[in-house]
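Descriptive structure summary
If you want the building blocks of each chain, they are given just below.
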Amino acid sequence: MKIGLITLEKRAAPSPIMAVMVPVVSVFMALLVGAIFLKITGREPLPIYFEMFSRAFGTRYGLSETIVKSIPLMLAGLGVAVAFRMQLWNIGGEGQLFMGAFAATWVALSFPDQAAYLLLPLMFFAGCAGGAVWGLLPAIPRAYMGVNEIITTLMLNYVAILWVEYLVYGPWKDPHGYNFPLTAKFTAGAILPTMGDSRIHAGLLFGLTIAVVLWVVFNRTKWGYEVRVIGDSPGAARFAGMNIPRNILVVMAVSGAICGLAGMAEVSGLMHRLQPGFSPGYGYTAIIIAWLAKLNPLAIVLVAFLFGGLQVGGYIVQTTGVPATMVAMLQGSVLFFILGGDILLRYRLRWRRSPDSGAPGKGVGA
Amino acid sequence: MGAEFLVQLKGITKRFPGVVANHQVDLTLMPGEIHALLGENGSGKSTLMSVLTGLYRPDEGEVFIGGQRVQFRSPHDAIKAGVGMVHQHFKLVDTFTVAQNVILGDRRVPFVPSMSEIEDQIERISSGYGLAVNPRAYVWQLSVGEKQRVEIVKMLYRGCSVLILDEPTAVLTIQESRQLFANIREMAAQGRTVVVITHKLHEVMEIADRVTVLRRGEAVATFKRGGFTERDLALAMVGRDVVSQVEKPPAVQKDVVLELQDVYALNNLGRLGLRSISLTVRGGEILGIAGVAGNGQRELSEVVTGLRPALRGRIQVDGTDVTGEGPRGFIDRGVAHVPEDRLGAGLVPGLNAVDNLILKEYRRKMARGPFLDRRGAESNALELIGRFGVRLSSLYNPVKFMSGGNLQRLLLAREISSEPRLIVAVYPVRGLDIAATEAVHRLLLEQRAQGTAILLISEDLDEIFKLSDRIAVLFEGAVTGVLPATGADAEEIGLLMMGSRKMEEQAV
Ligand SMILES: Nc1ncnc2c1ncn2[C@@H]1O[C@H](COP(=O)(O)OP(=O)(O)OP(=O)(O)O)[C@@H](O)[C@H]1O
Ligand SMILES: [Mg+2]
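As the structure is a prediction and not an experimental result, all values here were calculated from the model.

If you tally the helices and strands in chain A, you get 13 helices and three strands. Counting every position in chain A, which comprises 366 residues, the buried fraction comes to 46%. Put simply, 79% of the contacts in chain A that link residues at least 6 apart link residues at least 24 apart.

Structural data, given as structure tokens:
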């Protein structure tokens, strides 16, 4: 591949130093680009950045909000990473999240008088089951007929989102809600406990626990090994007697269940009701998070935290007059540079020494 | 710089983390010559040619083509300059047709190509060289030999005048090899330069105008036609004389381990690939399957390892009926398999050696409940790598970076170490150097001595004669005869391979 005077050359194996440097440099470059735009629109970038970071990570309130934001990102990121590990491209995290929220809400609304110790576990499992079913739907045609899961998982997102909208605009609308498209507020038994007086809820524990469990599962268990082998070489997996269709079902179910749990945690821990648009695309951002973390569950926790901070920092600086689009742009350029920087992991840049030394000699034509 | 050289490599050094694959290698190629490249497994042959074709950048050294210094950034550049390579591990897209694969990545092809025109062109090129390929077939339907022909046609289609073939005959039948050599000679006569990497000394003797020998990354000798003997080559390659003596003690007959009764199976094209196969293999016995490749070998090996269902008939292992079971059932009954396609089936390319060595045992010996025994896996890997002489730069590199011969050793190490009842070995020494071939043969005979039943599929009659106790011949998916190896003559087997049935010996 050639770009002007620079050429890209494939590396045999990515170098470990680069693996650390690339994300760091990428974030720096993204901030630089953001700074240029801030400057153009007549604002001083440094104070704004300082504001953003100190508010998102430096204050008690900001930090707790960052964590709150990171919970659904973390859970959904872990969820889609499970599928990605087996090279199943589950783009349906968003839909699975909505179905998890739907199922958990159904439990909460159906048994309003139950105590928390009964209701919460029930909602937990309902959330997982809702997401799992939504993950399984595209997994079945994929496992037995080879139907591409990218399209099916994506399409099911819309189905799930519209289904939830139908419910909150229709049968589940709170009769005392002044006609707003919301369900009734959950009863006390259906609400996840929070930490102190902050909004950080027990969903964080779900996320951290699942991250550790997944790390162990991926790296230390027989099943994690099977997933790796199937993902890398279905031929070898068959050779070793692994059941590929069954694993596709299991992996997609687990992937969907964790995404569903993200939805359950949002409604039970934060919203305390179901409402449309409760997810600003967590299921999609999760895909990016999983990739940036190289599918490493522990790294997903960290990256989700950073993304949470980016969003919170963004909200906060909006109060100082920075437009919201600016924040979205900044997030976009972080991604852009990290994904671009990824190329540097796999390729080496070479400057051409002289303009013509790159020409592949004169052909020796037949 | 001599203008008489078409290609000149000067002082090429290429290092990989932990190994020096090439060290200060000089090599010249003349127009119209057939140049053999010889060397043990891991001696750096593939690496050197990958440097020439722009896949790797040399750390030191220079490449000249037609007297001009070139720096290829990619195989594309090399092909544009007329240098093309057919790799040991093919780089074809299974779900594409032959024609689609041939034009894949070819920048001369218009955005909306006329496939029928291209197919005609491919047919012209391939028939011109006797390389039978059907441009409309899908690659997944092809045998390994056919895939190779597609790769060669691909390079010819792009008009390469320097063609590098990395161990081309390793996947060909004797007849096909002969045909290929005729093609190579034809290409050379027309002024193309052909580099052939091989481990077979007799092939070097037969075809090479010149031969360069690599040893541990260095070019140790270059000989001209007529100026060397097989012994010279072996000496240069290994650094000492190789004693080619494997002893085969008389077989100690044990119970029947594998029994096939009237087995039928489909091939990948959905036609009958195996017809009415009845065979037995006893413990302590090697049954050699001879035959021209493509006559049911692949189907047979897959049927007796559970990878391909039998349409009809019965398969028994140690007296248990295993018909209809999948690979796991066969593995659990002690059936080991050294498959034809190493990187596609036998090994997981992206995983490291430790993980690859537990592929068969991860559910049993290498497991602690639901967990993997990591430490056990590691010490297992170290032990096997030592015992089987696998050379690798690190336990933790993906195995796809290992040399072809070492991949095979790794695979054999895993399969043999599982203490199998039956070993199904398909072309087990393909791509191995002399020393490694001897080692593998010795390992198989050791297994035989320990009472393991061995089904050996090979297109190399010498290998079959050397190892087998009995020989079965496959032709068009059916067994045309089974005869004891002692006293069998090549003539007779040759006839059976062509389809003449041996009536009197149908039993057994
Ligand atoms: N991409 C790579 N990364 C790391 N090591 C490599 C890579 N390619 C080759 N090697 C190492 O370089 C050495 C030479 O390998 P090469 O494939 O050139 O050998 P070869 O002569 O072709 O052997 P064979 O006959 O077995 O094919 C080996 O030790 C191999 O493990
Ligand atoms: Mg090689």
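What follows is about the overall build of chain B. Assigned secondary structure in chain B consists of 17 helices and 22 strands. In terms of overall size, chain B behaves like a compact globule, its C-alpha atoms giving a radius of gyration of 23 Å where 508 residues would be expected to give roughly 23 Å. Over its C-alpha atoms, taken along the principal directions, chain B stretches across nearly 70 × 50 × 50 Å. Considering only intrachain contacts with a sequence separation of at least 6, the fraction spanning at least 24 residues in chain B is 69%.

Let us look at the interface of chain B and chain A. If you look at the interface, chain B gives 45 residues, while chain A gives 29 residues. Put simply, the parts of the chain that give the side of chain B that touches chain A at least two residues each are strand E5 (68–70), helix H2 (75–80), helix H10 (327–332), helix H11 (342–346) and strand E18 (371–372) of chain B. Across the side of chain B that touches chain A, the residue classes tally to 25 nonpolar, eleven polar and nine charged.

Across chain A, pLDDT averages 86, with 88% of residues at or above 70. Contacts for the low-pLDDT stretch residues 353–366 of chain A, under 50 throughout, to residues beyond four places or in other chains number 35 contacts.

Taken together, 22 residues surround ligand 1, and among them B:Asn41, B:Ser46, B:Thr47, B:Ser403 and B:Gly405 come closest. Around ligand 1, the nearby residues trace back to chains A and B. For the shell around ligand 1, the secondary-structure elements that each account for two or more residues are strand E2 (19–29), helix H1 (45–52) and helix H14 (404–417) of chain B. The class makeup of the residues in the shell around ligand 1 is seven nonpolar, 13 polar and two charged. Shared between two domains, the shell around ligand 1 holds at least three residues of each, these being domain 1 (7–238) and domain 2 (256–505) of chain B.

Moving on, we get to the sheet that holds strand E20 (residues 453–457) of chain B. All names here are of chain B. Taken in spatial order, the six strands of this open sheet run E16-E19-E20-E13-E21-E22, and their pairing is mixed. Edge positions in the open sheet fall to strand E16 (335–338) and strand E22 (478–484), since each of these has one partner strand only. Averaged over all neighbouring strand pairs, the angle between strand axes comes to 15°, with direction disregarded. Here strand E13 (residues 286–290) runs beside E20; their pairing, made up of four bridges, is parallel. Considered in E20, the bridge of Ile-289 is made with Ile-457.

Residue and element names in this part refer to chain B. The strand order across the open sheet built from six strands is E6-E7-E8-E3-E9-E10, with neighbouring strands paired in mixed fashion. Edge positions in the sheet fall to strand E6 (83–86) and strand E10 (218–224), since each of these pairs with one other strand and no more. Pairs of neighbouring strands in the sheet enclose a mean axial angle of 20°, with direction left out of account. Packed on one face of the sheet, helix H5 (residues 144–157) meets E6 and strand E7 (162–166) and runs near 175° to E6. On top of the sheet, helix H6 (residues 174–189) reaches strand E3 (34–39), E7 and strand E8 (193–197); it is set at about 145° to E8, its chief contact.

Further remarks concern the domain arrangement of chain B. Frequently, the measure chosen for interface size is the accessible area removed from exposure when the parts meet. All names here are of chain B. Looking at the assigned domains, one finds that chain B contains domain 1 (7–238) and domain 2 (256–505). Centre-to-centre, using C-alpha coordinates, domain 1 lies 29 Å away from domain 2. With 24 residues of domain 1 at the interface, the matching set in domain 2 holds 24 residues. When residues of the side of domain 1 that touches domain 2 are traced back to their parent elements, those giving at least two are H5, H6 and helix H8 (230–238). For the side of domain 1 that touches domain 2, the residue count by class is ten nonpolar, twelve polar and two charged.

This part is about the nonpolar core. In this structure, A:Ile300, B:Leu422 and B:Leu455 are the most contacted members of the largest nonpolar core, which totals 184 residues. The biggest single contributor to this core is helix H10 (residues 244–271) of chain A, with 15 residues. Those residues in contact with B:Leu455 that lie beyond four places of it in its chain are B:Leu258, B:Val281, B:Leu287, B:Ile289, B:Val304, B:Leu422 and B:Val424. Ranked by size, the runner-up nonpolar core spans 66 residues in total, among them B:Ala99, B:Val102, B:Cys160 and B:Val196.

The rules we used
- Residues numbered from 1 in each chain as written.
- Chains lettered and ligands numbered in written order.
- Predicted model: local features only at pLDDT ≥ 70, side-chain atom pairs only at ≥ 80, totals over all residues.
- Helix = DSSP H or I, 4+ residues; strand = E, 2+ residues; numbered from the N terminus.
- Buried ≥ 20, exposed ≤ 12 C-beta atoms within 10 Å, placed from the backbone.
- Contact = placed C-beta atoms within 7 Å.
- Rg over C-alpha atoms; globule rule 2.2 N^0.38 Å.
- Nonpolar A, V, L, I, M, F, W, Y, C, P; charged D, E, K, R; others polar.
- pLDDT = per-residue confidence, 0-100.
- Near = placed C-beta within 6 Å.
- Domains from an automatic or database assignment.
- Pairing = 2+ DSSP bridges.
- Axes fitted to C-alpha atoms, helices over the stretch in contact; angles between N-to-C directions.
- Core = buried A, V, L, I, M, F, W, Y, C linked by C-beta atoms within 7 Å.

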